[in-house]
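Single-letter residue listing:
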Amino acid sequence: MRPDPHWLSPEHHLWREQPDHPVMYFSPVVLQQTAQRFLDGFPGLVTYAVKANPDEAVLVNLVAAGITAFDVASPAEMAAVGAVCPEAVLHYNNPVRSTAEVAEAVRYDIASASVDCLSELDKLAPLGTDIEVTVRLALPIKGAAYDFGAKFGVDPEGATALLKEVAARGYRASLCFHPGTQCDDPTAWAAYIREAADVATMAGVRIERLNVGGGFASHRAGGAPDLERIFEGIRDAVAGSFGADAPELICEPGRALASEAFTLATRVKAVRDCGAVFLNDGLYGGLFEFRDIFAVDRLRVINSAGEPRTGTSRPRTVFGPTCDSLDQLPEPVALPDTLKEGDYVLFSGMGAYSMSLSTAFNGYGLSRPVTVASLSG
Ligand SMILES: *Cc1c(COP(=O)(O)O)cnc(C)c1O
């Protein structure tokens, strides 16, 4: 998808259109560059975790960049991928599925599915045995903003028994894990990789592939995370733990692939005498994740003429537009002293878990993204 030639940047669009609703700006160039970085640096198959941002323009541009496989959690995500790329490879990696969902998945060509208990393995029967089944391992590991081990995965002992059973039933047997989202610590992956090697040994199963999950951190505050360092850590850990008989690797980034390609522009609805600010987007919209992963040092403010507001800033309470008092950013945000109603506050790196989580509560929320040639002002 080519950039809409009308819009050079968010600033250009904001100045010309003066939108009074929050706007997501999308750069296909940045998305494809990020995909290329994973394709060049990750030592294995790069799949995209669709839930991070299932927008059609995202899927189309990832396919254009060379992403051919997708981590899908539901039949709706299978349909979304199928609509833009019928030949895409689907990895069905939500380890909890209803019988009806599995029946629907039969209509798609599922290549791989993850499980974390025997009853879920039983449920996969309608998909046939000509698929890969990955056993999802969970360890009590820190390093992520929040980890998923409390909800999914099985401990090494359970994983060993399940892996044996997967192989005995004639599936291609593999292992997977997910270190938790917004993780920038390579040792989290290394610990999982070591344990995965032990599980395979204990089970006496040569695993075909090892899926090292998503979780790769995006740039939220301070310096950008060093993805290549994580790739290197994964490569070293696999060589150290599996030696010459290493399985092929898969990763399934969502956040780190999607986030940099979008900038969110919100508008100042009101500035109170006390300095508090009301924006036209908040925790029920594109800023949903700020409740759990707060980071606001990547923002810029422009006035309605498109000019940057510079000068001194002070911390201000920031509220969203809905009539719910929970709709407030968890910490004060440094915003210029000169801030006025009608100004725009732009947040960078907002492509993941914003459009997919935004609600229409109270009649607010996000609409279709606007494509721009560049995200910088
Ligand atoms: C959510 C999820 C991902 C993507 O996680 P990110 O933190 O966005 O990279 C990958 N795999 C599975 C199984 C997931 O549930």
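Note that the coordinates shown come from a computational prediction; the quantities given were computed from them, not determined experimentally. (Residues numbered from 1 in each chain as written. Predicted model: local features only at pLDDT ≥ 70, side-chain atom pairs only at ≥ 80, totals over all residues. Heavy atoms only, no water.)

Caption draft 1: The arrangement of the overall build of the protein chain in detail. Looking only at helices and strands, one finds 10 helices and 17 strands in the protein chain. Rg of the C-alpha trace for the protein chain: 22 Å, near the compact-globule value of 21 Å for 377 residues, within the 12% margin. Dimensions along the principal axes, computed over C-alpha positions, put the protein chain at roughly 70 × 40 × 35 Å. Considering the protein chain as a whole, with its 377 residues, one finds that 54% of them fall into the buried category. Expressed as a percentage of contacts within the protein chain between residues at least 6 apart in sequence, the contacts between residues at least 24 apart total 72%. For the protein chain, the computed accessible surface area is about 15,700 Å², with 52% contributed by carbon and sulfur atoms. (Helix = DSSP H or I, 4+ residues; strand = E, 2+ residues; numbered from the N terminus. Rg over C-alpha atoms; globule rule 2.2 N^0.38 Å. Buried < 20%, exposed > 50% of the residue type's maximum accessible area, 1.4 Å probe, protein only. Contact = heavy atoms within 4.5 Å. Areas by Shrake-Rupley, 256 points an atom, 1.4 Å probe, with all protein chains shown as cover.)

Caption draft 2: The packing of helix H8 (residues 186-203) against helix H9 (residues 227-242), seen in detail. Running from N to C, H8 and H9 point in directions that differ by 20°, and their axes come no closer than 9 Å. What the angle tells us is that H8 and H9 run roughly parallel. Along this stretch, H8 crosses H9, giving a crossing that reads as right-handed. Contacts between H8 and H9 involve Pro186, Trp189, Ala190, Ile193, Arg194, Ala196 and Ala197 from the former and Arg229, Ile230, Gly233, Ile234, Ala237, Val238, Ser241 and Phe242 from the latter. Looking at the contact of H8 with H9 residue by residue, the classes come out as 11 nonpolar, 2 polar and 2 charged. (Axes fitted to C-alpha atoms, helices over the stretch in contact; angles between N-to-C directions. Parallel < 35°, antiparallel > 145°, perpendicular 65-115°, else oblique. Left-handed = near helix turned anticlockwise from the far one by under 90°. Nonpolar A, V, L, I, M, F, W, Y, C, P; charged D, E, K, R; others polar.)

Caption draft 3: Region of interest: the nonpolar core. Counting 100 residues, the largest nonpolar core has Tyr48, Phe70, Ile193, Leu210, Phe216 and Ile234 as its most contacted members. When residues in this core are grouped by element, the largest group, 11 residues, is from H8. Mapped onto the domain boundaries, this core takes at least three residues apiece from domain 1 (10-25 + 259-371) and domain 2 (28-258). Contacts of Leu210, omitting those with residues within four sequence positions, involve Leu175, Phe177, Ile193, Ala196, Phe242, Pro247, Glu248, Leu249 and Ile250. Counting residues in hydrophobic clusters, the runner-up holds 11 residues, among them Val23, Tyr25, Tyr344 and Leu375. (Core = buried A, V, L, I, M, F, W, Y, C linked by side-chain atoms within 4.5 Å. Domains from an automatic or database assignment.)

Caption draft 4: Region of interest: the packing of aromatic side chains. Inspection of every chain in the model, using the stated rule, returns 12 aromatic pairs. Ring plane angle 90° and centroid distance 5.9 Å describe the contact between Phe290 and Phe294, whose orientation is recorded as edge-to-face. For Phe294, a relative accessible area of 23% gives the class partly exposed. Each ring, one from Phe290 and one from Phe347, has its centre 5.8 Å from the other, and the planes form 80°; the classification is edge-to-face. Of the two residues, Phe290 is situated in the loop between strand E11 (277-279) and strand E12 (299-302) and Phe347 in strand E16 (residues 344-347); the sequence distance between them amounts to 57 residues. Neither residue differs from the other here; Phe290 and Phe347 are each classed as buried. (Phe/Tyr/Trp six-rings, centres within 6.5 Å; stacked < 30°, edge-to-face > 60°.)

Caption draft 5: Highlighting the side chain of Ser174. By the secondary structure assignment, Ser174 is in strand E7 (residues 172-176). Separated by 3.0 Å, the side chain of Ser174 and the backbone nitrogen of Arg209 make a polar contact. Beyond its immediate stretch of four places on either side in the chain, Ser174 contacts Glu132, Val133, Thr134, Val135, Leu163, Ile207, Glu208 and Arg209. (Polar contact = N/O pair within 3.5 Å; in protein donor to acceptor, adjacent residues only side chain to side chain.)

Limitation: the analysis is restricted to geometry and does not speak to function.
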